[in-house]
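As a plain string of letters, each chain reads:
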There are 2 protein chains.
Amino acid sequence: MSYEQMEALGRRGRAASRALAKTPGRIRDAALLAMADALAARREAIKAANALDLADADARGVTGAMRDRLKLDDARIDAMIAGLREVVALPDPVGEVLGERVRPNGLRVAQMRMPLGVIGIIYEARPNVTVDAAALCIKSGNVAFLRGGSEAKHSNALLIEILRAALEGVGLPGDALMSLPSTDRAWIEALLQAEPWIDVIIPRGGESLIRFVTARSRIPVIKHYKGVCHIFIDATADWDKAIEICHNAKVQRPGVCNAMETLLIHEAIAPELLPMIAERLSADGVELRGCPAAREILPSMAEATEEDYHAEYLDLILAVRIVADLDEAMDHIATYGSDHTESILSEDYSNVQRFLEEVRSAVVMANASTRFSDGGQMGLGAEIGISTTRLHAYGPMGLEDLTCKKYIVKGTGQTRG
Amino acid sequence: MSYEQMEALGRRGRAASRALAKTPGRIRDAALLAMADALAARREAIKAANALDLADADARGVTGAMRDRLKLDDARIDAMIAGLREVVALPDPVGEVLGERVRPNGLRVAQMRMPLGVIGIIYEARPNVTVDAAALCIKSGNVAFLRGGSEAKHSNALLIEILRAALEGVGLPGDALMSLPSTDRAWIEALLQAEPWIDVIIPRGGESLIRFVTARSRIPVIKHYKGVCHIFIDATADWDKAIEICHNAKVQRPGVCNAMETLLIHEAIAPELLPMIAERLSADGVELRGCPAAREILPSMAEATEEDYHAEYLDLILAVRIVADLDEAMDHIATYGSDHTESILSEDYSNVQRFLEEVRSAVVMANASTRFSDGGQMGLGAEIGISTTRLHAYGPMGLEDLTCKKYIVKGTGQTRG
């Protein structure tokens, strides 16, 4: 490959983005519905292409969760189709006008939402991301520039062919959905240097992929590295709720970024409450690793190391630390947290308010499970990812986060004195 | 220098940012007022330090605008002091809660504005940027991490010493204002790699500085490279207004990024209107460079090349192109523009609306001079810069653009099913 080839692709994407940006919402919605119909019509071909990827995976000895992520069965194809229809039902963010104000000289100044332009999405094994990402980008008037993983290359190539045909079927440019011609790493590097043609890069995948992308990109990257989510149980917490919330945050789906990884518990209640929580979690196979004070209460616990406090286990393991007060809890979060999601369980008004104001993570909760840190659960509709970057978007990213706000200024002949 | 030294500075800045983020607005305002008083009290010392920079500049043979930018006389010191007091009067953006909504399970989801954290500002000769940038960052609860130009090193060192003492005088950490220990380029490179400690980089200066910073930064950069601003005079424009607006946009202050650089004019009115505009501009010494059609009307004009259409002259030069219609004007802007500011002069409702909706520049105007593309003029208060990056901020950046919005979620014991 050469950078000239990347540039040629970039120009095509940029041209399509101009066409797409001025397309009314009903045409973008029609494209999504046509995509849904086309996926349904080509279901057998999709499964056949996917079978090639699965055979490659088998030949490489891939098993378990890794192989499962690759798979497109009828249920997953149905979920992709349903996802497209759900995105159609979301409000169109493009064109919304905000905050119009009149200046003393009569100029009217407002902001208008517009698509970001071309969104580069770099992801790994799951081929369903191809459809989800395309849906959110097209809905918000953006060109999606996709680079899926080599593991899913047959599935992704067919899905993109189907989606591009659907776009053209409603009169939109097929180039509203671009992809790299090869899954070689050299092409990713070229994409990450294509600053004039790509407006933002959203990597989705493991921490090593995200660090690779961030280190090499000249284009702004919106990302989160990991989710080391904390729950702090304050001295005044409701014990029954605390036990249920801790169980939910750790056990309901331990392999995701909004699961609790470290429990902080106030020293005044730890001697009685910690054994009750440990009992509830142990019944589901959770391993606890505690600070020295926690091990005095539950001596069977392994000792937590510095590494444990930094760890995103994504597994049925929980670090536990006893703290003297709210400040010590917030210090721990500031030191070891990943700016993802933290929750305080407390009935103390001032402590809840201080936690919500002072903790600088993307999602800060009171008396709720960290598992609610999710675009769907928080009412944003579908989500394209989660940002802990603090620039542009912070927390779950919905359709609005795929837009920017330009200023519009309406005058009647004003000049500057 | 070593990266460990950078890391030590970074840690100090991050620690100060935690303290600053929970400081009430009245203390941040008190710090700005103390800074203003301290600058007034140390006026003679500031001028003496500045004299050393000016002597260095003279020794290097620096003259004209370059030397003028360095200079701190009484008027400029007064302006810095007045600027601090004006920022105090702006509303505090920190803590504002937006868009609270209740989910079906009773969770209350909202967003709360918080400081970005630590803001790296890389700038060139003007020492007054030291004070302006510090004021906006501290007001919005952010640590300012400054790297001024070597030309102004004596002035900047003293200003920073004065401002840090003022911070400490009101009980805030002096480290809320950080600076690099040397103006060596190696230190800039270290700063641009200090991803864990700096949240955003805002470069202010010439295009080459900004390209250097963007190419090397691992931290998100908010920037604009240049302002190639267009005015399009539509067939239905009011001629008197058009002549005045063109004159204002080109002549009132030609050396700034929101001055007009290219005039697009509808072919239906060009034969009569262009000579009138040319006459008004020529009286102030503006040189016109035109397309072939424009030169048929005014044969004395030089021919505009491709380079002219890309040029940010920052001078009394104007490229002129005659276009067939609105679409050709918007195509020209999309091809040659810099996403900064464009204005349509038109009395045609549909054309104005299409221009405002379809042009994707940061500031899109109708019937007003491009010179209004400025935070102060647009009602944002003081401005820290202008962004054409389309991520996070787009257009003039005020205090709100130095904040991000975290999600806050208030529950009563909810768990996810």
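Residues numbered from 1 in each chain as written. Chains lettered and ligands numbered in written order. Predicted model: local features only at pLDDT ≥ 70, side-chain atom pairs only at ≥ 80, totals over all residues.

> Help me understand the interface of chain A and chain B in this model?
Bring the parts together and some accessible area is lost; that lost area is often taken as the interface size. Between chain A and chain B, the residue contacts involve 61 residues of the former and 61 residues of the latter. Only helix H1 (3–21), strand E2 (108–115), helix H9 (207–216), helix H10 (239–251), helix H15 (349–358), strand E13 (363–368) and strand E16 (403–414) of chain A provide two or more residues apiece to the side of chain A that touches chain B. Considering each element in turn, the side of chain A that touches chain B owes the most residues, 11 residues, to E16(A). Residues belonging to the side of chain A that touches chain B are distributed by class as follows: 25 nonpolar, 18 polar and 18 charged. Relative to strand E13 (residues 363–368) of chain B, E16(A) is paired through five bridges, and the arrangement is parallel. Its bridge partner lying in E13(B), A:Val409 is registered against B:Met365. (Contact = placed C-beta atoms within 7 Å. Helix = DSSP H or I, 4+ residues; strand = E, 2+ residues; numbered from the N terminus. Nonpolar A, V, L, I, M, F, W, Y, C, P; charged D, E, K, R; others polar. Pairing = 2+ DSSP bridges.)

> Sorry, what's going on with the domain arrangement of chain A here?
Under the domain assignment used here, chain A contains domain 1 (3–224 + 402–409) and domain 2 (229–372). Here the C-alpha centroids of domain 1 of chain A and domain 2 of chain A sit 36 Å apart. (Domains from an automatic or database assignment.)

> Is there a simple way to think about the sheet that holds strand E5 (residues 177–179) of chain B in this case?
Where strands meet in a sheet, backbone hydrogen bonds hold them as pairs that are either parallel or antiparallel. Residue and element names in this part refer to chain B. Within the open sheet, the four strands sit side by side as E5-E4-E3-E6. Their pairing is parallel. Two strands in the sheet have a free side with no partner beyond their single neighbour: E5 and strand E6 (200–204). Across the sheet, the axes of successive neighbouring strands diverge by a mean angle of 25 degrees, strand direction being ignored. Relative to strand E4 (residues 143–147), strand E3 (residues 118–123) runs parallel, the two being bridged by five bridges. Paired with Ile119 across the bridge in E4 is Ala144. Helix H7 (residues 153–169) rests against E4 and E5 of the sheet, and its axis sits at about 150 degrees to E5. (Axes fitted to C-alpha atoms, helices over the stretch in contact; angles between N-to-C directions.)

> How do you make sense of the packing of helix H3 (residues 43–59) of chain A against helix H7 (residues 153–169) of chain A when you look at a structure like this?
A pair of packed helices can be characterised by two numbers: the angle between their axes and the separation between those axes. Residue and element names in this part refer to chain A. Direction vectors running N to C along H3 and H7 enclose 155 degrees, while the axes themselves pass 7 Å from each other. What the angle tells us is that H3 and H7 run roughly antiparallel. Touching Ala45, Ile46, Ala49, Asn50, Leu52 and Asp53 of H3 are Lys153, His154, Ser155, Leu158 and Leu159, all from H7. Here the residues of the contact of H3 with H7 sort into six nonpolar, three polar and two charged. (Parallel < 35°, antiparallel > 145°, perpendicular 65-115°, else oblique.)

> Honestly, the relation of the copies chain A and chain B in this entry has me stumped. Any pointers?
What relates the pair of chain copies is a rotation about an axis plus a shift along that axis. Once chain A has been moved 0.0 Å along the axis and rotated by 180 degrees, it coincides with chain B to within an RMSD of 0.1 Å. What the rotation and shift describe, once combined, is the action of a two-fold rotation axis. Among all residues of chain A, the one whose C-alpha sits closest to the rotation axis is A:His392, at a distance of 1.8 Å. Take the interface residues of chain A: 100% of them recur as interface residues in chain B, which is what a same-surface contact looks like. (Least-squares fit on C-alpha atoms with pLDDT ≥ 70 in both.)

> Please explain the sheet that holds strand E3 (residues 118–123) of chain A as it appears in this structure.
Residue and element names in this part refer to chain A. Ordered by their spatial adjacency, four strands build an open sheet running E5-E4-E3-E6, and the pairing between neighbours is parallel. Two strands bound the open sheet, and with one partner strand each, they are strand E5 (177–179) and strand E6 (200–204). Here the strands of the sheet are splayed against their neighbours by 25 degrees on average, with no regard to which way each runs. Sheet analysis places E3 next to E6, joined by five bridges and oriented parallel. By the bridge assignment for E6, Tyr123 is matched with Arg204.

> Just to check I follow, could you spell out helix H14 (residues 326–336) of chain B for this structure?
All names here are of chain B. All of the buried residues in H14 are Leu326, Ala329, Met330 and Ile333. Buried positions in H14, seen along its axis, are confined to an arc of 95 degrees and lie on one side of it. Away from its buried face, by an angle of more than 90 degrees, H14 presents the exposed residues Asp327 and Thr335. Next to the buried residues of H14 lie strand E7 (229–233), strand E8 (260–266), strand E11 (317–323), strand E12 (341–345) and helix H15 (349–358). (Buried ≥ 20, exposed ≤ 12 C-beta atoms within 10 Å, placed from the backbone. Arc of directions from axis to C-beta.)

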